[in-house]
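Per-entry structural report
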Amino acid sequence: MIAGGGPVGLATAVYAARAGLDVAVVEPRTGTIDKACGEGLMPGAVTALADLGVRPDGRDLLGIRYVHEPHRAEAAFRHGVGRGVRRTVLHAALRQAASDAAVKILPRAVRRVEQDRHRVLVDDEPGRYLVVADGLHSPVRRYLGLDARPSRRARRYGLRAHVEVSPWTSFVEVYWAPDAEAYVTPVADNLVGIAVLTSRPTQFYEMMVRFPALAARVGRGFDSDRRTHVRGAGPLRQRSRRRVDGRVLLVGDASGYVDALTGEGIALGLAQGRAAVDAVVAGEPRGYGRAWLQLTWRHNLLTAGLLAASRSRMLRSRIVPTAEAVPAVFEAAVNQLARPV
Ligand SMILES: Cc1cc2nc3c(=O)[nH]c(=O)nc-3n(C[C@H](O)[C@H](O)[C@H](O)COP(=O)(O)OP(=O)(O)OC[C@H]3O[C@@H](n4cnc5c(N)ncnc54)[C@H](O)[C@@H]3O)c2cc1C
């Protein structure tokens, strides 16, 4: 059984069905689910989705560009292309893939989990294993006592909206301001997503004055009839004490999350889902704990390092100029994060 029918839960269900397992997803929200997300699929996510037969509509992404006027640094993806995909388009495509794979979707929330050596009882329904994919603030992780102490560092939040303008680039652009970053991702021919990450959230559109170079690009796109409502998420940093607890395995954001700064949440979640299914098929759930570490440590280290630098006012102002001055280092870091997981 899988708790949570977001992208990672659904993809895990398709991996499980393909491996010949009988699988059901428990998800309280019906229909297509939207969520605050930068909507940039890294090349690793695009490849993993294609392996599942999922090719969502969107816009190809060729690399990452950092902008802190007058400085700019960019790095092209070396291993394939990424894709900007509206979250709703991604969810609908994965839901279709799950339905094609005969995955059952049970429209309710998981409220109670008990287990012994042979089975898991999820709200009294028996199963062999439970994969927990119920997101950043995972109620099931908390219920099972697997929440780690919250970080004492400044909390960060994400806000996201869309503007109706023609995309002006095939790169994900990251605009740096002293206390926030704006991530700009083209997702359709006349739609660009903007996600802002900050420890001091205020009104999304009011924050745009902090990004004059972006505002100049978007122009009339910020007019009230061309912009969408705002969605938010956070605090972003969440940790789990363990990724495996008996017959329960944690994947995706539920297994822990550092920050959206490097945009690889979906790619990592898909890789974790696949590894969890491999462990279940092998009858070795504990092997997933080791696989999770192997899949995740490099991303977590790079994201935490960049996050630490961005917290210092002095270092923060040097990030884009340094990336511009040593493009090989920037390119190597981007491609470490973007490569197939
Ligand atoms: C601002 C922002 C920008 C981001 N940008 C990017 C990006 O550009 N690229 C990228 O790859 N990643 C990005 N991410 C990260 C990405 O959004 C997440 O990694 C991804 O959504 C994780 O998917 P998930 O399926 O684990 O969780 P979710 O998408 O959160 O899905 C969890 C599901 O569990 C369900 N659920 C909740 N409680 C229960 C319960 N008790 N029982 C059953 N189900 C339950 C929920 O209804 C939900 O459908 C960003 C995140 C943020 C916040």
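The next subject is the pattern of salt bridges. Scanning all chains against the criterion turns up 22 salt bridges. Among the salt bridges present, the one from Lys104 reaches Asp22, with a minimum N-O distance of 3.2 Å. Placement of Lys104 in strand S8 (residues 104–106) and of Asp22 in the loop between helix H1 (7–18) and strand S2 (24–26) is noted, with a sequence separation of 82 residues between them. When its relative accessible area of 42% is taken as the criterion, Lys104 is described as partly exposed. Between Arg108 and Glu125 there is a salt bridge, with the nearest N and O atoms lying 3.0 Å from each other. Taken together, the residues span a long stretch of sequence, with Arg108 in the loop between S8 and strand S9 (113–115) and Glu125 in strand S11 (residues 125–127) at a distance of 17 residues. By relative accessible area, Arg108 is classed as partly exposed at 31%.

Now for the environment of Met42. Its place among the elements puts Met42 in the loop between strand S3 (40–41) and helix H2 (43–51). It is 15 Å that separates the C-alpha atoms of Met42 and Ala332, two residues lying 290 residues apart in sequence. Met42 has contacts with Ile64, Phe77, Gly82, Gly263, Glu264 and Ala338, leaving out every residue within four places of it along the chain.

Over its 27 residues, helix H8 (residues 285–311) extends 37 Å from the first C-alpha to the last, a length consistent with the 39 Å expected when each residue adds 1.5 Å. Of all bends in H8, the biggest is about 45°, found at Thr296. Of the residues making up H8, those classed as buried are Pro285, Gly287, Tyr288, Trp292, Leu295, Thr296, His299, Thr303, Leu306, Leu307 and Ser310.

The next point concerns the packing of aromatic side chains. Across all of its chains, the model carries 4 aromatic pairs by this definition. An angle of 75° between the planes, with centres 6.0 Å apart, marks the rings of Tyr205 and Phe222 as edge-to-face. You can see Tyr205 sitting in helix H5 (residues 204–207) and its partner Phe222 sitting in the loop between helix H6 (212–218) and strand S17 (231–233), a full 17 residues away along the chain. Taken together, the ring pairs connect Tyr66, Trp176 and Phe330 into an aromatic cluster. Seen from the ring of Tyr129, Arg247 lies directly overhead, with NZ or CZ sitting 4.7 Å from the centre.

Given 3.6 residues per helical turn, the α-helix brings residues three or four places apart onto the same face. Compared with an ideal rise of 1.5 Å per residue, which puts 12 residues at 16 Å, H1 spans 17 Å between its outermost C-alpha atoms and is within 8% of the ideal. Where H1 ends, the next residue or the one after it, Gly20, has phi of about 90°, a positive value.

Right, let's talk about the pairing of strand S6 (residues 71–76) for a bit. In this structure, strand S5 (residues 63–68) lies alongside S6, joined through 6 bridges in antiparallel fashion. In the sheet register, His68 faces S6, and the bridge partner there is His71.

Direction vectors running N to C along H1 and helix H7 (residues 265–281) enclose 35°, while the axes themselves pass 9 Å from each other. Between H1 and H7 lies a crossing whose hand is right-handed. Here H1 contributes Pro7, Val8, Ala11, Thr12, Tyr15 and Ala16 to the contact with H7, which in turn contributes Ile266, Gly269, Leu270, Gly273, Arg274 and Val277.

Structurally, the position occupied by Gly80 is in the loop between S6 and strand S7 (82–84). When its relative accessible area of 45% is taken as the criterion, Gly80 is described as partly exposed. The spacing of Gly80 and Ala279 is 199 residues in sequence and 28 Å in space, taken between C-alpha atoms.

A grouping of Arg149, Arg152, Arg153, Arg237, Arg239 and Arg311 is seen on the molecular surface, where their side chains present a positively charged patch. Residue placement: Arg311 occurs in helix H8.

Glancing now at the site of the ligand. Neighbouring the ligand are 34 residues; Glu27, Gly38, Gly40, Arg87 and Asp253 lie closest to it. Measuring from a nitrogen atom of the ligand, one finds a backbone N or O atom of Gly4 at 3.4 Å. For the ligand, a nitrogen atom lies 3.3 Å from a polar atom in the backbone of Gly263. In isolation the ligand offers 1000 Å² of accessible surface; the protein chains occlude 92% of this area. Within the residue set of the shell around the ligand, elements represented by two or more residues are H1 and H7. When its residues are assigned to classes, the shell around the ligand shows 17 nonpolar, 9 polar and 8 charged.

Rules used in this analysis
The numbering scheme is per chain: residues are counted from 1 as the chain's sequence reads. For this predicted model, a pLDDT threshold of at least 70 governs which residues receive local features, and a threshold of 80 or more governs which side-chain atom pairs are given and counted, while totals over whole chains, interfaces and linings are taken from all residues. Side-chain metrics in this entry use all non-hydrogen atoms of the structure; hydrogen atoms and water are not considered. We define a salt bridge as a side-chain nitrogen of Lys or Arg found within 4 Å of a carboxyl oxygen belonging to Asp or Glu. Every helix listed is a DSSP run of H or I at least four residues long, and every strand listed is a run of E at least two residues long, numbered separately from the N terminus. For each residue, the accessible area found with a 1.4 Å probe, counting protein chains only, is set against the maximum for its type, and the residue is called buried under 20%, exposed over 50%, and partly exposed in between. Any two residues whose heavy atoms approach within 4.5 Å at even a single point are treated as in contact. A helix is expected to span 1.5 Å multiplied by its residue count minus one. Here the bend at a residue is taken as the angle between two axes, fitted respectively to the seven residues that end there and the seven that start there. Classification of ring pairs uses Phe, Tyr and Trp, with its six-membered ring standing for Trp, and accepts pairs whose centres are within 6.5 Å; under 30 degrees between planes counts as stacked, over 60 as edge-to-face, and the remaining range as tilted. Only lysine NZ and arginine CZ atoms are considered, and such an atom sits over a ring when it is within 6 Å of the ring centre and within 35 degrees of the ring normal. Note on pairing: DSSP must find at least two bridges between two strands before they are called paired. Each axis is a line fitted through C-alpha atoms, and for a helix only the stretch in contact is used; angles between axes span 0 to 180 degrees, taken between their N-to-C directions. Throughout, a crossing is termed right-handed when the near helix is turned clockwise from the far one, and left-handed when it is turned anticlockwise from it by less than a right angle. A patch is a set of surface residues, each over 30% in relative accessible area and not in a salt bridge, joined within 9 Å for like charges and within 5 Å for the nonpolar side chains Val, Leu, Ile, Met, Phe, Trp and Tyr. Note on areas: Shrake-Rupley, 1.4 Å probe, and residue coverage restricted to the protein chains presented here. His is not counted here, nor are the chain ends, while Lys and Arg score as positive and Asp and Glu score as negative. Where a charge sits is defined by one atom per residue type, namely NZ (Lys), CZ (Arg), CG (Asp) or CD (Glu). Near is defined per residue: the residue qualifies when any heavy atom it owns lies within 4 Å of the molecule or strand. Under this definition, polar contacts are N or O atom pairs within 3.5 Å; protein pairs additionally need one hydrogen-donor-capable and one acceptor-capable atom, and for neighbouring residues in sequence, both atoms have to be side-chain atoms. Residue type decides the class: Asp, Glu, Lys and Arg count as charged, Ala, Val, Leu, Ile, Met, Phe, Trp, Tyr, Cys and Pro as nonpolar, and the leftover types, Gly among them, as polar.

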